[in-house]
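Examination of the molecular architecture
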Amino acid sequence: AYVEVCMADWKRIEYEILRDNMDNCLSVVDLESLDPMGVHSQDSIMVIPSQTMTNEEMRTLRNVSFTIARHFNVVGAVNLQYAFHPKTREFQVISSSGGNLRTS
């Protein structure tokens, strides 16, 4: 089933992760979009590091990013984009891509 959710009040947060074949994970960078959800990430103004996320929120998304990289046995780089609701702390993966990172 396909479900649509209004994400007008959500933030877009992006993590760039590296994982090696020994299962070491590194968060290269986290980025936060200054534009509202709906603006394509390539057209969005991004800030490094995230400016409005708490340490706990950033740690949660970083750990989820590591879990995703491990689950899919990524060796190399992966970019993960999340929609994050600041009041409920709910998040959704909205995009992932491997290979070259935006910031490298």
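Here's what I pulled together on the structure shown here. All figures in this text were calculated on a predicted structure; none of them were measured in a lab.

1. Structural notes on the overall build of the chain
When you go through the chain residue by residue, the secondary structure sums to one helix and five strands. Starting at the N terminus, the α and β elements of the chain follow one another as β-β-β-α-β-β. Computed over C-alpha atoms, the radius of gyration of the chain comes to 13 Å, within 12% of the 13 Å expected from 2.2 N^0.38 for 104 residues, which places it in the range of a compact globule. Across the 104 residues that make up the chain, the buried fraction comes to 39%. Counted over contacts in the chain with a minimum sequence separation of 6, partners at least 24 positions apart contribute 54%. Of the roughly 6400 Å² that the chain leaves accessible, carbon and sulfur atoms contribute 51%. The distance from the centre of the 9 positive side-chain charges to the centre of the 13 negative ones in the chain is 5 Å.

2. Concerning the environment of proline 49
Note that proline 49 resides in the loop between β3 (46-47) and α1 (55-71). Owing to a relative accessible area of 41%, proline 49 belongs among the partly exposed residues under this scheme. Between the C-alpha atoms of proline 49 and isoleucine 13, which are 36 residues apart in sequence, the distance is 10.0 Å.

3. Describing the pattern of salt bridges
Throughout the structure, instances matching the rule amount to four salt bridges. Here glutamate 56 and arginine 89 are joined by a salt bridge, their closest N and O atoms 3.5 Å apart. With glutamate 56 in helix α1 and arginine 89 in the loop between β4 (76-84) and β5 (91-98), the pair connects residues that are 33 residues apart, well separated along the chain. For arginine 89, a relative accessible area of 39% puts it in the partly exposed group. Each of Arg19, Asp23 and Arg70 takes part in a single network of salt bridges with overlapping partners.

4. Observations regarding the pairing of strand β2 (residues 25-33)
As paired strands, strand β1 (residues 11-19) and β2 are joined by seven bridges and run antiparallel to one another. What sits directly across from arginine 19, in β2, is cysteine 25. Here β1 folds back onto β2, and the loop between the two strands holds five residues, one of which, aspartate 23, carries a positive phi near 70 degrees. Pairing between β2 and β3: two bridges, direction antiparallel. Opposite glutamate 32, over in β3, you have valine 47 as the bridge partner.

Definitions and limits used
Residues numbered from 1 in each chain as written. Predicted model: local features only at pLDDT ≥ 70, side-chain atom pairs only at ≥ 80, totals over all residues. Heavy atoms only, no water. Helix = DSSP H or I, 4+ residues; strand = E, 2+ residues; numbered from the N terminus. Rg over C-alpha atoms; globule rule 2.2 N^0.38 Å. Buried < 20%, exposed > 50% of the residue type's maximum accessible area, 1.4 Å probe, protein only. Contact = heavy atoms within 4.5 Å. Areas by Shrake-Rupley, 256 points an atom, 1.4 Å probe, with all protein chains shown as cover. Lys, Arg positive; Asp, Glu negative; His and termini not counted. Charge placed at Lys NZ, Arg CZ, Asp CG, Glu CD. Salt bridge = Lys/Arg side-chain N within 4 Å of Asp/Glu carboxyl O. Pairing = 2+ DSSP bridges.

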